[in-house]
Amino acid sequence: MATFISVPLKKSSEVDLVKPLSKFVTSTYPASEDQGEYLRAVEELNKLRKSALGRPLDKHESSLEILLRYYDQLCAVEPKFPFSENQLCLTFTWKDAFDKGSLFGGSVKLALASLGYEKTCVLFNVAALASQIASEQNLDNDEGLKTSAKYYQLASGAFGHIKDTVLSALNREPTMDISPETVGTLSLIMLAQAQEVFFLKATSDKMKDAVIAKLANQAADFYGDAFKQCQYKDNLPKEVLPVLAAKHCIMQANAELHQSVLAKQKKRFGEEIARLQHAAELVKTVASRYDEYVSVKDLTDKINRSLTAAKKDNDFIYHDRVPEVKDLEQIGKAALVKPTAITPPLSQKFSDLFEKMVPMAVQQSMSIYSQRKAETVNRLVGTMREATNLCNGVLASLNLPAALEDLSGDSIPQSIAEKARNVVQHGGLQSIEQLIKDLPELLTRNREILDESLKMLDNEETTDNELRTKFSQRWSRTPSGDLYKPLRAEGANFRNILDKAVQADQVVRDRYNTHCDMIALLCKPENELNAAIPSANPTKTLQGSEVVNVLRSLLAQLEEVKKERETMEGEIKAVTFDMSTTFLTALAQDGAINEEQLSLGQLDQLYGSYNQRVQASLRTQEEVLGKVQTSHQEFSSLKQSNADSNQREEVLKKLASAHDSYMEISNNLREGTKFYNDLTEILLKFQNKCSDIVFARKTERDELLKDLQQSIAREPSAPAFNVPAYQSTPAVPSGPAALAPGPTPAPRTVFVSGYSAQH
C-alpha cells in the first residue's frame, strides 16, 4: 500500500453577494435590458458561490468543476466591479485549513474585504480537492494512474500560483495555510507525488529499469526538497514530515533497486550488491522510524530476495569486489511532471455571467472621456456665447440697431419693441424671481446630503479610533481614517463645488439687481414703454443716407454670424461617439488603456473642424465690429446732437442692455437649477457609497470584536504554578466509565491510501 498526502479544504462563512452587487448595477447602469440581465447574473453568481463553498464537496471531478467555474467567474468579474474596502466592500471570512480550533474558541480565521483573498482561498480549495481526488484513484489501472498524475500536477500548479500571488492579493499577513512558505511546500509535495505516480505507471508498464530508476530518483529528489522546506517549520501538520522523510527513502531505495538490475545486466555484480545493500538500509530506516505512516514490507521482501540471490551468485561464481556506496556512479534523474499553469478559464464549461459588462478600466476611461468631451463642448460653446455677449454689449453701447430705427424720435424703435416682446414671452420678472427664489432651497438640500454623508464617516471613524485605543495592536484592521481618505477628498471637492456655485449665484443676483428696473420697463405694455422713453427732435434727413445703409448691412452680417453660432452650438452638442469599443480593443491588445492619448485623438477628429469654424467666426465678428464702430462715428457726427436726443439714446441703450442681461441671467439661472438637480443625484450616490462602506465596516467591526472576545476568553487568567503531587494523581474511576477511552484528536491532514504496484 502507498500513502499519499492530501490537503483538507478551507471553510468559508456565508456572504450575501446579491445586495451590494445589485446596488452597484442599479446605480451604474440605467434601467434597461442590460440592467435586468446583470441583476440575474448577480443572483446566479450568489448561487454558484453557495454551490462551491456552502456545502460539503464530494471527492469527485464534478465537485472540482463547480469550484473551477466559481474561480473562473471571480477572475472574470474582478475587473468589472470596483471591489475594494472603500468602494464595493465585500468582506470574506475563511478559516485556516489546518487549524481545528480549541475548547473555548473558534479556529483561526481571517476576514478581509478583498476579492483577491476570496480568489486565493477558492484556488486553495481547488488544489486541496484535486489532491483528494488524486489520492482516491485506483492505481492498479492505467486510467487511475493518469487521472492521479493529472490532478497532483493541477494541485501543484494551484499551490504554486498562490505562493507567487498571495502577498500582493492580500496586502497583509495571511493565515498560515495560505502563506507563501506553506503553499510552496505543498506545491513541491504534490509535484513529488505526481512524479511517484509516473514511477508507478512505468513499473506497471514494465519499462526499462534505467528509465524507472531515473523516475524514482527524481521523485526522491522532490520529496527531499519538500522535507527540507518544512523540516524546521511548524506550518504543516506534524504527520507530514515523517511521511516526506519515508517517501524520500522509499524512492531512493526503488532507484537503487532498478539500477542494480542494470548493473547485473552489465555484469557489474559488486555494484549490484552495493546498490541492493543501500536499498535494504533505506527501507530498514523507514520500517524502524516511520512504520506508523508507511508500510514497506513488500518492497523490503523484494529487495532482500534480490540481495540474497546476488550475494550467493557473487560468493560462489563471480567474486566481484563490492564498492562503497559513495563510490557508486550517480543515478540520473528524469522529471516527467510540471505544475499545471493557472491560466483562467480553468473550467472547460466556463461561461462568463457578466459577458456584456465592460471592465471597470473601460468604465473609468469612458467616464474621463465624457468629462473631456463635456469640457471641449463647454469651451467651444462658451467661446461663442462670450463672443456674442461681447458683440451685443458693443452694439448696445452704440444704441444699435435702435439708433437707425429711431429717426422719427418719438416712437419705439422696432428692435426695442421686439426685445420687449421677447422678455415677456420668456416670463418676464416673475420667471427670474421664481428661479432666484428656488436656488437657495436646492443649495440647502445638497449641503444637507453632503453633511449627512460625511457625518456617517465621522461617527464610524470615531468608534474605530476608540476601539483601536482600547485593543491596541489587536485591532488589526485598516484604520478608518486611512480608508476614508478618497471619500473625504471627494467630499471636499463637492464642498468646493458648492462654495463656487454660491459665489456664481451671487454674481447673477447682483447683475439682476443692476438691470431690474429696465427689465421691468420692458415688461410694461407698449404705450407705457413708449411714454417712458424720452422723445427727441427727428433726424429724418439721415433716412436713406449712405452711412445708414452701410450700418444696416454690417448689422445684418453680425446677425448672420450669431445665427450661424446658434446652429453650430446645436451641432456641437449633438455630436456622439461610442468610445467603449476603442477602449476595449486597447485593453485586449495592450492589457492597459492609454485613455488620454486615445480620447484626445478622437476628440480632435470630432471637434477639430468646429474649433476652426469658431475661430473663423470670432475673426469675422472682430472685423465687422471694427467697421461698425468706424461707420457709427460718421453716423453720430451727422446726427443733430442735443440734450433730449442724448437722454433718449441713453435710455434706449439701457433697454437693449437690459434685454441682453435678462436673456443671459435667465439662461444662467436655468443652468444653475439643472446643475443643482444633477448634483443632488451625484450626492445621493455619494451618500449611498458612504452608507455602504460604513455598514460594511460595522459588520467587519462586529466580527472582529467577536473574535477578540473569544481570543481573550482563551487566554490563561493566571500564570502557571506547580500542583502538589498528591493532587495530580488521577483517581481510579469505577463503573463503565473506567472502560471508556478518552477522545481521540482528529488527524490534521487527510491521508488517503491508494494502491501501489509491488516494488
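Labelled according to an unreviewed UniProt entry, the protein appears under the name Programmed cell death 6-interacting protein, originating from Neolamprologus brichardi. Annotation of the protein in UniProt includes, under Subcellular location (unreviewed entry), the sentence "Midbody, Midbody ring".

Here we come to a nonpolar patch on the surface. Taken together, the side chains of Phe316, Ile317 and Tyr318 define a hydrophobic patch exposed on the protein surface, amounting to about 360 Å² of accessible area. Relative to the helices and strands, tyrosine 318 is located in helix 10 (residues 297–318). Among the residues examined, tyrosine 318 registers a relative accessible area of 38% and is labelled partly exposed.

What follows is about unusual backbone geometry. With glycine set apart, most residues show a phi of negative sign, and most peptide bonds adopt trans. Across the junction of proline 344 and proline 345, the peptide omega takes the value 0°, indicating a cis bond. Residue placement: proline 345 occurs in the loop between helix 10 and helix 11 (360–397). Omega for the peptide link from leucine 400 to proline 401 comes to 5°, which places this bond in the cis form. One non-glycine residue, lysine 206, lies in the positive phi region at around 55°. Positive phi values are uncommon outside glycine, yet serine 472 reaches one of about 55°. Note on serine 472: relative accessible area 47%, which makes it partly exposed.

Right, let's get into the pairing of strand 3 (residues 109–112). Burial along strand 3 is one-sided: the residues Leu110 and Leu112 are buried and none of Lys109 and Ala111 is. Bridge count for strand 2 (residues 92–95) against strand 3 is four bridges, and the pairing is antiparallel. Across the sheet, residue phenylalanine 92 finds its bridge partner in strand 3, namely leucine 112.

A word on the nonpolar core. In this structure, Leu21, Leu64, Phe81, Tyr117, Phe124, Phe159 and Ile189 are the most contacted members of the largest nonpolar core, which totals 117 residues. The biggest single contributor to this core is helix 4 (residues 115–136), with 13 residues. When near neighbours in sequence (up to four residues on either side) are disregarded, tyrosine 117 contacts Phe92, Trp94, Leu110, Leu112, Ala169, Leu170 and Ile178. Counting residues in each nonpolar core, the second largest holds 48 residues, with Leu435, Leu443, Ala658 and Leu669 among its members.

Applying the stated criterion across every chain, the model contains 38 salt bridges. For the salt bridge of aspartate 301 with lysine 297, the shortest nitrogen-to-oxygen distance reads 3.3 Å. Of this pair, aspartate 301 and lysine 297 both sit in helix 10, separated by four residues, roughly a single helical turn. Owing to a relative accessible area of 31%, aspartate 301 belongs among the partly exposed residues under this scheme. Several salt bridges share partner residues, and in doing so they unite Glu460, Asp464, Arg468, Arg477 and Arg697 into one network.

Two elements in contact, helix 14 (residues 428–471) and helix 16 (residues 485–522), have axes separated by 11 Å at closest approach and are oriented at 165°. By the criterion of interaxial angle, the relationship of helix 14 to helix 16 is roughly antiparallel. Crossing geometry of helix 14 relative to helix 16 is assigned as left-handed. Per-class residue counts for the contact of helix 14 with helix 16 are 17 nonpolar, two polar and ten charged.

In this model, helix 13 (residues 414–425) (twelve residues) spans 17 Å end to end at C-alpha, consistent with the 16 Å of a helix rising 1.5 Å per residue. Restricting attention to buried positions, one finds in helix 13 the residues Ser415, Ile416, Ala417, Lys419, Ala420 and Val423. At the C-terminal side of helix 13, glycine 427 shows a positive phi close to 105°.

Calculation criteria
- Residues numbered from 1 in each chain as written.
- Predicted model: local features only at pLDDT ≥ 70, side-chain atom pairs only at ≥ 80, totals over all residues.
- Heavy atoms only, no water.
- UniProt positions renumbered as here; feature names shortened; annotations may be inferred.
- Patch = residues over 30% accessible without salt bridge, like charges linked within 9 Å, V, L, I, M, F, W, Y side chains within 5 Å.
- Areas by Shrake-Rupley, 256 points an atom, 1.4 Å probe, with all protein chains shown as cover.
- Salt bridge = Lys/Arg side-chain N within 4 Å of Asp/Glu carboxyl O.
- Helix = DSSP H or I, 4+ residues; strand = E, 2+ residues; numbered from the N terminus.
- Buried < 20%, exposed > 50% of the residue type's maximum accessible area, 1.4 Å probe, protein only.
- Pairing = 2+ DSSP bridges.
- Core = buried A, V, L, I, M, F, W, Y, C linked by side-chain atoms within 4.5 Å.
- Contact = heavy atoms within 4.5 Å.
- Axes fitted to C-alpha atoms, helices over the stretch in contact; angles between N-to-C directions.
- Parallel < 35°, antiparallel > 145°, perpendicular 65-115°, else oblique.
- Left-handed = near helix turned anticlockwise from the far one by under 90°.
- Nonpolar A, V, L, I, M, F, W, Y, C, P; charged D, E, K, R; others polar.
- Expected span 1.5 Å × (residues − 1).

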